Amino acid sequence: MKTIIEPFRIKVVEPIRMTTRDERERLLREASYNVFLLRAKDVLIDLLTDSGTGAMSAEQWAGIMRADESYAGAVSFYRFKEQLTSMTGFEYVLPTHQGRASERLLFELIGGEGKVVPNNTHFDTTRANIEHSGAEAVDLQIPEAKDPRNRHPFKGNIDIAALEDLIKRVGPERIPAVMVTVTNNSGGGQPVSMANLRETRAICDKYKLRFILDACRFAENAWFIKQREPGQTERSIREIVREMFDLVDGATISAKKDGIVNIGGVLLIRDESLFQDASNLLILTEGYVTYGGLAGRDLEAMAQGFEEVLEEDYLQYRIRSIEYLGERLINAGVQIVEPTGGHAVYVDAKSFCPHIPPEQFPGQAVVCGLYREGGIRAVEIGSVMFGGHGRPNPAMELVRLTIPRRVYTQSHLDYVIEATIELYTRRESLRGLRILDEPKALRHFTARFEEL
Ligand code: F0G
């Protein structure tokens, strides 16, 4: 059979509600043109994020009932730890409440004034946590990644030559870790090749540097490696995942992505003394080492989620549904970041509305347009998210249509395609925005805008 179907059937349903255009106009104004400030009940199709928004399986819910809520040494902790150890090879595993808690623990310990942390592209919370520690976060994507039309199969790769230049320029003693984010969320959800991970490892060995993976979407990355990388197609997803983790000294994971849970995170550390320090900090601010700010049931759901995400028919359906959305938009003339990535389609807002300059946030204009048009909530990944406070505007102005795991069907995506194309035909009517007020960091969450 050629048709790739959702490899599950639906047991529990949740109604979604259509609003009128007039209602949406008012709701958008009341939310100060920031869709983070909308109420979710006023959104028809929520493509804000794939984080914590996935549907759990019957087995995950069963695990939630079975879970052990003991404060210390719970059965559920050991199930979680064994799942992670068998999947990644790491013996030292800490649960955290989500990805940014893992980042905060790590950078409180290894960051600080004068330090520099390179990455392919830092996600916003990673950058914010590094900067909060006093260190500098540097993005080193390959040049191909900055061109939405370039169909390089591994646009998430870190630029190895630029990495080595940076190490030589600032000195290895100032670099507490080299990071690579798989898939590269801020760079279009693009994968990183195994060859690039191996080369990064070699550079880290040469300069005796730590290599940390931001592994939020490790399984999706592994699927791309299997599909696209010479010499990898015969390997199982499990083997590829294992090698990705074998190459690094630590990993921060938001289980809200490829753990397919609504809350949870992981910190993996190879070095015993750093693990001890992280454990002490975890106890101080998050919770005891066998629950890390979570309930036993969350650990149980994560253990099961990390198993299910490795299933190849799940990954095939997952990546194909993103590709389907992307193909239809490209065919209608909407420029997206090509090829489609792992968890989202990234619309190129610069070409969608060339009449709006970056200072007037073209991505945010498209986000507002999609909500007006179809009650769809997308997210800006451009100058709103990364600019401001003296930072340069990013290379690309993107709008991310992020697909939650196992939540929407193909007809939901057909609706999103129709609404996006409809908006595209009337794109001249989109207007730029101006920021009325904003916080110092992570401004996209709470900034208020007005339309120009
Ligand atoms: N790293 C990456 C690559 C991420 O995409 C995220 C979250 C985090 C770290 C932080 O994890 O949210 O559990 O604290 N990304 C979400 C998104 C929020 O919408 O892309 P967290």
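Rules behind the numbers
- Residues numbered from 1 in each chain as written.
- Predicted model: local features only at pLDDT ≥ 70, side-chain atom pairs only at ≥ 80, totals over all residues.
- Heavy atoms only, no water.
- Near = heavy atom within 4 Å.
- Polar contact = N/O pair within 3.5 Å; in protein donor to acceptor, adjacent residues only side chain to side chain.
- Areas by Shrake-Rupley, 256 points an atom, 1.4 Å probe, with all protein chains shown as cover.
- Helix = DSSP H or I, 4+ residues; strand = E, 2+ residues; numbered from the N terminus.
- Nonpolar A, V, L, I, M, F, W, Y, C, P; charged D, E, K, R; others polar.
- Phe/Tyr/Trp six-rings, centres within 6.5 Å; stacked < 30°, edge-to-face > 60°.
- Buried < 20%, exposed > 50% of the residue type's maximum accessible area, 1.4 Å probe, protein only.
- Lys NZ or Arg CZ within 6 Å of the ring centre and 35° of its normal.
- Core = buried A, V, L, I, M, F, W, Y, C linked by side-chain atoms within 4.5 Å.
- Domains from an automatic or database assignment.
- Contact = heavy atoms within 4.5 Å.
- Axes fitted to C-alpha atoms, helices over the stretch in contact; angles between N-to-C directions.
- Parallel < 35°, antiparallel > 145°, perpendicular 65-115°, else oblique.
- Left-handed = near helix turned anticlockwise from the far one by under 90°.

(A) Examining the site of the ligand more closely. In the vicinity of the ligand lie 17 residues, with Thr 49, Arg 100, Asp 214, Ser 254 and Lys 257 positioned nearest. In this structure, Asn 185 approaches the ligand through a side-chain N or O atom, which is 2.7 Å from an oxygen atom. Contact between the ligand and Arg 400: an oxygen atom at 2.7 Å from a side-chain N or O atom of the residue. Burial of the ligand by the surrounding chains reaches 94%, relative to a free accessible area of 470 Å². Examining the composition of the shell around the ligand, we find that three residues originate from one element, helix α4 (residues 99-110), more than from any other. Residue composition of the shell around the ligand, grouped by class: two nonpolar, eight polar and seven charged.

(B) The packing of aromatic side chains, seen in detail. In total, this model carries 12 aromatic pairs according to the counting rule given. With a centroid separation of 6.3 Å and an interplanar angle of 45 degrees, the aromatic rings of Phe 77 and Phe 80 are classed as tilted. Separated by three residues within a single helix, Phe 77 and Phe 80 lie in helix α3 (residues 75-88), roughly one turn from each other. A centroid spacing of 5.9 Å and a plane angle of 40 degrees characterise the contact between Phe 218 and Phe 306, whose relative ring orientation is tilted. One end of the pair, Phe 218, is in helix α8 (residues 218-228); the other, Phe 306, is in helix α11 (residues 296-308), and 88 residues separate them in sequence. Phe 306 carries the same exposure label as Phe 218, and that label is buried. An aromatic cluster is built from Phe 8, Tyr 314 and Tyr 317, whose rings are joined through pairwise contacts. When the ring centre of Phe 90 is taken as reference, the NZ or CZ atom of Arg 270 above it lies at 3.8 Å. A cation over an aromatic ring shows up here: Arg 427 above the ring of Tyr 424, its NZ or CZ 3.9 Å from the ring centre.

(C) Looking closely at the nonpolar core. By size, the foremost hydrophobic cluster in this structure holds 64 residues, and its most contacted members are Phe 218 and Phe 245. Three or more residues apiece are contributed to this core by two domains, here domain 1 (21-50 + 312-451) and domain 2 (58-308). The contact partners of Phe 245, leaving out residues within four places of it in the chain, are Thr 88, Phe 90, Leu 213, Ala 215, Phe 218, Ala 251, Ile 253, Leu 268 and Arg 270.

(D) How the structure looks around the packing of α4 against helix α10 (residues 272-285). In the contact formed by α4 and α10, the axes pass within 10 Å of each other and the chain directions differ by 120 degrees. The pairing of α4 with α10 is recorded here as oblique in orientation. Relative to α10, α4 is oriented so that their crossing is right-handed. Taken together, the residues of α10 that come into contact with α4 (itself represented by Arg 104, Leu 105, Leu 106, Glu 108, Leu 109 and Ile 110) are Leu 274, Asp 277, Ala 278, Leu 281, Leu 282 and Thr 285. Looking at side-chain class alone, the contact of α4 with α10 contains eight nonpolar, one polar and three charged residues.

(E) Representation of unusual backbone geometry within the structure. Following Val 182, the chain continues into Thr 183 via a peptide bond in cis, with omega recorded as -25 degrees. Structurally, the position occupied by Thr 183 is in the loop between β5 (178-181) and α7 (194-207). Omega for the bond connecting Glu 338 with Pro 339 falls within 30 degrees of zero, at -20 degrees, which places this linkage in the cis form. Along the chain, Pro 339 falls in the loop between α12 (312-331) and β9 (344-348). Within the chain, Leu 442 stands out as a residue other than glycine whose phi angle is a positive 50 degrees. Looking at the secondary structure, you find Leu 442 in the loop between β13 (433-437) and β14 (448-451).

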